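# Fold and contact review
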Amino acid sequence: MTEREMRLKRIDDINDMLGKKYKSIEIDETIVFLLENGQAFRVDSIGKFNAIVVEYADNIELAKKGIFGEDGDLFYMDELDEKEMYRAIIQEIEE
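Quick look at the structure, then. Predicted model only: the values in this text are computed from it and were never measured.

Rules used throughout
Residues numbered from 1 in each chain as written. Predicted model: local features only at pLDDT ≥ 70, side-chain atom pairs only at ≥ 80, totals over all residues. Heavy atoms only, no water. Helix = DSSP H or I, 4+ residues; strand = E, 2+ residues; numbered from the N terminus. Rg over C-alpha atoms; globule rule 2.2 N^0.38 Å. Buried < 20%, exposed > 50% of the residue type's maximum accessible area, 1.4 Å probe, protein only. Contact = heavy atoms within 4.5 Å. Areas by Shrake-Rupley, 256 points an atom, 1.4 Å probe, with all protein chains shown as cover. Lys, Arg positive; Asp, Glu negative; His and termini not counted. Charge placed at Lys NZ, Arg CZ, Asp CG, Glu CD. Salt bridge = Lys/Arg side-chain N within 4 Å of Asp/Glu carboxyl O. Expected span 1.5 Å × (residues − 1). Polar contact = N/O pair within 3.5 Å; in protein donor to acceptor, adjacent residues only side chain to side chain.

### Looking at the overall build of the chain
From N to C terminus, the chain includes 3 helices and 5 strands. The C-alpha radius of gyration of the chain comes to 13 Å, within 12% of the 12 Å expected for a compact globule of 95 residues. Principal-axis analysis of the C-alpha atoms places the extent of the chain at approximately 35 × 25 × 20 Å. Residue burial in the chain is summarised as follows: out of 95 residues, 38% are buried. Sequence-distant contacts, at least 24 apart, represent 43% of the contacts inside the chain between residues at least 6 apart. With the model as given, the accessible surface of the chain reaches about 6100 Å², and the carbon-plus-sulfur share is 44%. Averaged over its 13 positive side-chain charges, the chain has a centre that lies 3 Å from the centre of its 24 negative ones.

### Quick look at the pattern of salt bridges
By the definition in use, this model includes 3 salt bridges. For Lys21, the salt bridge is made with Glu94, and the minimal N-O distance between the two is 3.2 Å. You can see Lys21 sitting in the loop between helix 1 (3-19) and strand 1 (23-27) and its partner Glu94 sitting in helix 3 (residues 82-94), a full 73 residues away along the chain. Residue Lys21 is classed as partly exposed on the basis of its relative accessible area, which comes to 44%.

### Some details on unusual backbone geometry
For Asp28, which is not glycine, the phi torsion reads 50 degrees and is therefore positive. Secondary-structure assignment places Asp28 in the loop between strand 1 and strand 2 (30-34). Residue Asp28 is classed as exposed on the basis of its relative accessible area of 69%. Its identity is not glycine, yet Glu29 carries a phi of approximately 65 degrees, on the positive side. In this fold, Glu29 is placed in the loop between strand 1 and strand 2.

### Overview of helix 3
The end-to-end C-alpha distance of helix 3 is 18 Å, a good match for the 18 Å that 13 residues give at a rise of 1.5 Å each. Every buried residue belonging to helix 3 is among Met85, Tyr86, Ala88, Ile89, Ile90, Glu92 and Ile93, and all of these are buried. Contacts made by the buried residues of helix 3 are with helix 1, strand 3 (40-46), strand 4 (51-57) and strand 5 (70-76). A side-chain oxygen of the first residue of helix 3 lies 3.1 Å from the backbone nitrogen of Lys83; this N-cap is Asp81.

Distances and angles like these do not, on their own, reveal function.
Here is the structure:
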């Protein structure tokens, strides 16, 4: 499995876990999660760094337009296993 395939599988697995905690919708084949404060976020891949990142939109309308203006921390594939990455992502989202 290539690094890209591993990142995409990790995103799928993380999205499944996040879907148990947050309400989600699908926008242009991308799962977007909704927070109680009106913000939306999605999990994306950054190949250059072999990492995953959480991207935030101020509201669902911007998310529907694909405008995610703020990125969170990078979560590196070679530093965190799936469960550690999920916990780190939750911590970032809830802070």
